[in-house]
Every structure is written in structure tokens, then in C-alpha cells.
Amino acid sequence: LINIYGQHESQTLLRAENQLLLLDAFAGTSALRAEFSELFGELQSIRDHLAHLDEHERETAKKLDVLSFQSEEIASATVKAGEDEELEEQRQLLANAGKLGGISGEAFDQLYGGDGALLGQLRRISSSIHELATIDHSLVETAVNLENSYLQLEDAAISLRNYASRIEADPLSLQRIEDRLDQIGRLKRKYGPTVEDILAFKEQVDHELDLLRGNAQDRQQLEDGRNRLEDELRTCGVELGTRRSRAAVELKQALETEAHQLAMKNAIIEAALTPLTEPRSTGFERVELLFSPNPGELPRPLAKIASGGELSRLMLAFKQVLPEGDVPTLVFDEVDTGIGGATSDIVGRKLKKVAIRQQVLCITHLPQVAVFADHHLRVEKWIENGRTATIVAELDDISRTEEISRMLGGATITGTTREHARELLAAARSTHI
């Protein structure tokens, strides 16, 4: 909101980053600088990401090997959900083939094989009951039940015969099944208690592999992006540096012209550009304002050589040559130090010119400067009851004339000093900036 330019303030003009901002404002490269800063930020982000990938590259490679082995081991086994249950059932059948075939065959013989077989006996009993049922109809239901039982047992006997005929010992198939169950068992011990758990583990492993392999693809994309941004940053930085170099020459001429009008007739002002070993977000170079107020002195850093008054006048000079700033209020203190006469009039005019664009507060002891203000505030100190108080009073036209007269003539105000004050005020009001 406020920039203060005075001897006892940490002025924006003395900070290197602000000196570069001033040069860019003069050169009209603020937008190009912002573009460079954005490219620099994107490039730095990619470099940080790549550094992170490099840091974890060995660990990632090991993890890729492990996950790839696990995925390939499960995939090569081609296990299917429920396969272990089916194999276990087949193993049970083959392992007990003799028992299954023997007992089922023996059961068939007892049911159907010969005169003493159960079905033969049941057939004879059923026929007898059917004969009785023709005499006593109350036995019809019993005869029917015996007939149905015979038919069901006959179906069972035929099923047992067919089953017994299918059962045969097959040691090779049994060995293959047991080997397969052993293979699945090893996978279970590694990856989960069931085949479903094994398949779920593989799905998770494959997902991680996709992510890790995606990182490799991302790395290539990041490297491509880094190379592209480095080219764009270089192009942008070269253009920015070229325009800054040209502007530095023009700024030197413009500032020295203004400074010479502000009672610094022998001042030399330079914006020295120094290439950086590594670029920053502001460009490939840094800038430092160099200043020499007297003949025969080499320009030195502004912060080390300029007085408070010189700094205020230099800032005033900047305000003449720079485009409109974004800080709405400027405070100038001691801008009139070491000047007088025609120079003070010039300072007043230049302050008024700045005040067209931005609000200016100026602390001054020179009437030639004060008369250019739109408002006049008198600051006084009073001692009351042993304590010092500061009083600020806004002056009307009459009081303003009196105060300008006092600044012109001292404690004794005469008609001549009042007339001189009126003339100064009138001249300032009629001045066209």
C-alpha cells in the first residue's frame, strides 16, 4: 500500500530484487519475466520429481524384479478358481479306485447276480403278494410298494454295475494330480490359503507392476518435458537478458538526465547486469544499481554510497521515467536535502507530476517544494506537563500562506514574505505538468 523513501527506512530501492523489478518495469519485460518465472517453476518441479525417481531407482528395480517373478510364477501355473477342490476330489477317487470298484461290484452281485441275489428274492415276494392282492384287495397298495421297491433297487444295481465298470486304477493320472496339488500347495504357502487368494494376490501384484512400469514411462515423459522446458527457458531467458541489456543503457541515460536536474549534476547511475552461474526464477542475470555522486569516483553499489536525500531524489527520478506503479501511496522524506533555489522548484514540479498518478506525501522544509502540494499539513512538537506531543494540523489557504511565509522568512513574517508566498502558491497552481 505504501512505499517510504527516506534516510531511516529500509528502502525498496536498496534491495537487489526490487532493483531488477525497476529495470523490468522500465524495459517493459515484466510479462516476459513472469513467463520465465513460470517456466522456471515448472522446470524445477520436473527436476525435483526426477531427483525423487533417481533416489528410489535402485529400490524400484529390486521391487520390479520381485513382483515380476511373483506374477510370472502364478501366471505360469495357470491356476483356476476351484481347481484345487476338483483335483482333490479326483485324487480321492483314484487313490481309492480298488475299494470303490470292489465294493460297488460286490453290491451289484448281491443285488442282481444270481438266484440268491436280493432282487431275485424281491421279485418272487412281489409276485406272491400281487397274487394275494387279487384275492384281498387290501394288499394292492403293498403289492405296488413292493413293485416300486424292486424297480428302484434294480436302477441302483444297474448304476452300481456301470460305476464299477468305470472305476479302474490309474497310477499315472493319480501322480499327475498329486503333482499338480503339490504345485498349488506351494503357491498357497507363498501367496494365500486358497486359489482365490492366490489369484487376488496376482491381481494386486500386476497393479503394482503397472504403476512401477508407468513410473518408467512417466520418467521418459518427464525427461522429454525437462528438455523441452530447458529449451523454452533458454529462449525466453536470452530474450529477457537482451531486452534488459538494451534497457539498462536507456535507463542510465534517462536517470542521469533526471538526476542532473535534481542537483546531482555529476551523478553516474548504472544498472549493472551480471550473468548467474545458475539461473533463478528471475532470469539468467542479476542487476545491481551502481551510483557515483561525485566526479572521479567509480560507481559503487547504491546501498553503500547514497545518502538518504540522494536516495529520495533517485527514487523521484525513477518515478519520472518508469510507467505507473501499482503502489498507491508514496512517502518522500528528505528529498530536498542539500538542494535549493531552482533545483527545489524542479523537485516540486516532479513530485506534482508523480502525484497525478499516485498519492504523494512529502516531508519538506523548502517552501518551493511545499507550494506544489494540493494539501498542506503542518507538523509541530509541543511540551506539555513535561511530555512531548506531536500535533498535525491541516492548513486552509490563509494558514497555508502564513506557513509558506514563515518557511521563507523565518520567525518574523513581513508583508514582503507574505506577498512572495502568495506569488509562489499562485505560480504553482498555474503550472501545467
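Residues numbered from 1 in each chain as written. Predicted model: local features only at pLDDT ≥ 70, side-chain atom pairs only at ≥ 80, totals over all residues. Heavy atoms only, no water.

## A few points about the side chain of S71
Among the secondary structure elements, S71 is positioned in helix 3 (residues 57-77). Excluding anything up to four places from it in sequence, S71 contacts K202, V205, D206 and L209. (Helix = DSSP H or I, 4+ residues; strand = E, 2+ residues; numbered from the N terminus. Contact = heavy atoms within 4.5 Å.)

## A short note on unusual backbone geometry
Unlike most non-glycine residues, T78 shows phi in positive territory, near 45 degrees. A positive phi angle, near 55 degrees, is found at N385, a position not held by glycine.

## Some thoughts on helix 14 (residues 397-409)
Taking 1.5 Å of rise per residue, the 13 residues of helix 14 would be expected to cover 18 Å, and the 18 Å separating its terminal C-alpha atoms lies within 8% of that figure. All buried positions along helix 14 are accounted for by R400, T401, E403, I404, S405 and M407. In the core, the buried residues of helix 14 are packed alongside helix 13 (367-370), strand 7 (377-384) and helix 15 (415-430). (Expected span 1.5 Å × (residues − 1). Buried < 20%, exposed > 50% of the residue type's maximum accessible area, 1.4 Å probe, protein only.)

## Things to note about the nonpolar core
Counting 39 residues, the largest nonpolar core has L13, F291, L302, L316, F318 and V347 as the members making the most contacts within it. Counting residues in each nonpolar core, the second largest holds 13 residues, with L32, I46, L50 and L240 among its members. (Core = buried A, V, L, I, M, F, W, Y, C linked by side-chain atoms within 4.5 Å.)

## Considering the environment of G101
For G101, the location among the structural elements is in helix 5 (residues 97-112). For G101, a relative accessible area of 19% gives the class buried. The spatial distance from the C-alpha of G101 to the C-alpha of E168 is 7.2 Å, given a sequence separation of 67 residues. Once you skip the residues sitting within four places of it in the chain, G101 turns out to touch A164 and I167.

## Considerations on the pattern of salt bridges
Enumeration over the complete set of coordinates arrives at 26 salt bridges. With a shortest N-O distance of 3.1 Å, E232 and R228 are connected by a salt bridge. Of this pair, E232 and R228 are both found in helix 9 (residues 195-261), four residues apart, which corresponds to roughly one turn of the helix. Salt-bridge contacts for R406 lead to E403; the nearest nitrogen and oxygen are separated by 2.4 Å. Here R406 and its partner E403 are both found in helix 14, three residues apart, which amounts to about one turn of the helix. With a relative accessible area of 7%, E403 lands in the buried category. Because the salt bridges share partners, they merge into one network encompassing D24, R33, R244 and E285. (Salt bridge = Lys/Arg side-chain N within 4 Å of Asp/Glu carboxyl O.)

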